[in-house]
Amino acid sequence: MQTISREVRLLVLVEVSLATLAVVIHADSISWYEWPQMLLFFLVVVVGFSVRISDPRGGAVTPSTVLSYLLIYLFNIPTALLIVMAGRTAAYIVSRGGTFWRAVGNGSLMALSVGAGGFVFRLLGGMPGQIEFSSVTLPAIIGGPLAHQVANNFFVSYAASRWRGTPFLSSWFDSFRDLLWPNLLSIPTAVFLAILSIDVHHIVVMGYLALLPFQWQALRLYLKRRQLYTQIVDGLVVAADVNFPLGKGHARRVADLAVAIARKMLLSESIVESVQFAALLHDVGMIGKDDLLDRPVLTMEDAENLLDHVRVGAAMARELPRKEIAEAILYHHERFDGTGYPGGLRGGEIPLPARIIALAEAVDSMAFGIFPYSPVSTRSAIVSAILSEKGKSFDPEVVDAFMRAVEGRNVTLDYDTARQAVMGRIS
């Protein structure tokens, strides 16, 4: 718990307290007489939640949504809370080890989410242990799982926003949007298993374990798409580094600084991710044009060819499904006062990710003496140059965020070691 903020620790404490209090207060309502079924579901929950798939954005997810929905459909709220809290806690210990406190925190988070789903399920007319399709019960069948998703995304997004310094509401919305369809598609499976469990026997829940490999594969393919973006971007960054040795590492440093600025601007995690990818690829259009930088004098044709790298890079980035990445690459040489290229856009006409990357690239280029900045600039000279171009080359809000990042030591402008490493690689 030492690695997370006080706010996040407080959130975990509240989650554990609420979940434990709910179980204790309503202990007499727990279906103890159904202990065989409770034990069966506990074991299945442990297995289901122990299967983890790494998320390229960080952390991991489990293909266990169906289990949460089953608990909402089959058990009253106190019983469902107890099963999922105990099972999720045990699964966390089995799959990740770590401290008991972290395990209980994860179990409590899931218990509160299931509790919220169960509450809405009952509120909309659903009855635990009874699944019937009608105009009356259908809202409950869908509403319970959706409430579970909203609650779960709430707790996870709040913790992530406090930890990363990103705005909570946009993080919550992004999380809900990303997982909406996968979770909705889990409802029919949960309903089917619930009907079999009620009409046949609870042992059929073991069928969930048979479905687990298929759910795992579906979720893995879903997350693989994000991983593919990263692999494509990494490949292009490596190609750019090989093409232009003097700028080796430039794209990654620009991306790190751009992300730090974006976080200081409290942008959503989705926008921060776009800024990162666009920054990594901002000069990919320079591949094959490195010889132009070595010429003492550029002809008009050479200059146009060099400036055209933004269009080439944007065209390459359009193969990615997020159009804002290509737009940021295309316009990252626009100036806030409208004197940049390729479109002469001014102020807010320039996409925000492009405005952020423009400043981050200028800082790194000054620090390393990369074209068109020469020679290498000192920290104080870089800060002075950026401030002098506030409202001219750079968006004043981006400049202010950059200064907050520097003053808060979220970034460093002491590049001596990095410069020596680069020169050592190309000597």
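Predicted, not measured: the structure shown is a model, and the values here were computed from it.

Caption draft 1: Representation of the environment of Gly117. Along the chain, Gly117 turns up in helix H5 (residues 100-123). When the C-alpha atoms of Gly117 and Ala151 are compared, they prove to be 8.0 Å apart, with 34 residues separating the residues in sequence. Excluding anything up to four places from it in sequence, Gly117 contacts Ile72, Gly144, Ala147 and His148.

Caption draft 2: Representation of the pattern of salt bridges in the model. In this structure the tally under the stated criterion is six salt bridges. Taking the shortest distance from any N to any O, the salt bridge between Asp364 and Arg253 comes out at 2.7 Å. Here Arg253 lies in helix H10 (residues 250-264) and Asp364 lies in helix H16 (residues 352-368), a separation of 111 residues in the sequence. Among the residues examined, Arg253 registers a relative accessible area of 15% and is labelled buried. Of the charged contacts in the structure, one is a salt bridge between Arg355 and Asp395, with a shortest N-O distance of 2.6 Å. Of this pair, Arg355 sits in helix H16 while Asp395 is found in the loop between helix H17 (379-388) and helix H18 (396-407), placing the two residues 40 residues apart along the sequence.

Caption draft 3: Geometry of the nonpolar core. Ile261, Ile356, Leu359, Ile386 and Phe402 are the most contacted members of the largest nonpolar core, which has 49 residues in total. If you list the elements that add at least two residues to this core, you get helix H9 (207-243), H10, helix H11 (269-281), helix H15 (323-330), H16, H17 and H18. Looking at which element gives the most residues to this core, the answer is H16, with ten residues. Beyond its immediate chain neighbours, meaning those up to four positions away, Ile261 contacts Ile356, Leu359, Val398, Ala401 and Phe402. Of all hydrophobic cores here, the second largest spans 47 residues; its members include Val12, Val16, Phe41 and Ala194.

Caption draft 4: Local environment of a nonpolar patch on the surface. Taken together, the side chains of Leu10, Leu13, Val14, Leu18 and Trp101 define a hydrophobic patch exposed on the protein surface, amounting to about 430 Å² of accessible area. On the secondary structure map, Leu18 appears in helix H1 (residues 6-25). We classify Leu18 as partly exposed; its relative accessible area is 44%.

Caption draft 5: Structural context of the packing of H16 against H17. Remark: H16 packs on H17, axes separated minimally by 10 Å, with the N-to-C direction vectors making an angle of 145°. Along this stretch, H16 crosses H17, giving a crossing that reads as right-handed. Across the interface between the two elements, Leu359, Val363, Met366 and Ala367 from H16 touch Ile382, Ala385 and Ile386 from H17. Considered class by class, the residues forming the contact of H16 with H17 number seven nonpolar, no polar and no charged.

Caption draft 6: Looking closely at the packing of aromatic side chains. Counting across every chain of the model gives three aromatic pairs. Measuring from centroid to centroid gives 5.3 Å for Phe154 and Phe155, while their planes differ by 80°, and the two rings are edge-to-face. Overall, Phe155 belongs to the buried group, its relative accessible area being 14%. Residue placement shows Arg253 over the ring face of Phe368; its charged tip is 3.5 Å from the ring centre.

Caption draft 7: Molecular detail of the environment of Ala401. With respect to the helices and strands, the residue Ala401 is situated in helix H18. Residue Ala401 is classed as buried on the basis of its relative accessible area, which comes to 0%. Considered as a pair, Ala401 and Lys264 are 137 residues apart in the sequence and their alpha carbons are 5.5 Å apart.

Caption draft 8: Fine view of helix H8 (residues 187-199). Look at H8: 18 Å from first C-alpha to last across 13 residues, which is about the 18 Å you get at 1.5 Å a residue. When H8 is considered as a whole, its buried residues turn out to be Ile187, Ala190, Val191, Leu193, Ala194 and Ser197.

Caption draft 9: Geometry of the side chain of Ser197. Inspection of the secondary structure puts Ser197 in helix H8. Not counting residues up to four positions away in its chain, the partners in contact with Ser197 are Phe41, Leu74, His202 and Val204.

Caption draft 10: The arrangement of the environment of Arg252 in detail. Considering the arrangement of structural elements, one finds Arg252 in helix H10. For the pair formed by Arg252 and Leu280, sequence separation is 28 residues and the distance between their alpha carbons is 5.8 Å. Ignoring anything within four residues of it in the chain, the contact list for Arg252 reads Asp234, Val237, Val238 and Leu280.

About the cut-offs
Residues numbered from 1 in each chain as written. Predicted model: local features only at pLDDT ≥ 70, side-chain atom pairs only at ≥ 80, totals over all residues. Heavy atoms only, no water. Helix = DSSP H or I, 4+ residues; strand = E, 2+ residues; numbered from the N terminus. Contact = heavy atoms within 4.5 Å. Salt bridge = Lys/Arg side-chain N within 4 Å of Asp/Glu carboxyl O. Buried < 20%, exposed > 50% of the residue type's maximum accessible area, 1.4 Å probe, protein only. Core = buried A, V, L, I, M, F, W, Y, C linked by side-chain atoms within 4.5 Å. Patch = residues over 30% accessible without salt bridge, like charges linked within 9 Å, V, L, I, M, F, W, Y side chains within 5 Å. Areas by Shrake-Rupley, 256 points an atom, 1.4 Å probe, with all protein chains shown as cover. Axes fitted to C-alpha atoms, helices over the stretch in contact; angles between N-to-C directions. Left-handed = near helix turned anticlockwise from the far one by under 90°. Nonpolar A, V, L, I, M, F, W, Y, C, P; charged D, E, K, R; others polar. Phe/Tyr/Trp six-rings, centres within 6.5 Å; stacked < 30°, edge-to-face > 60°. Lys NZ or Arg CZ within 6 Å of the ring centre and 35° of its normal. Expected span 1.5 Å × (residues − 1).

Remember that the coordinates give geometry; whether it matters functionally is a separate question.
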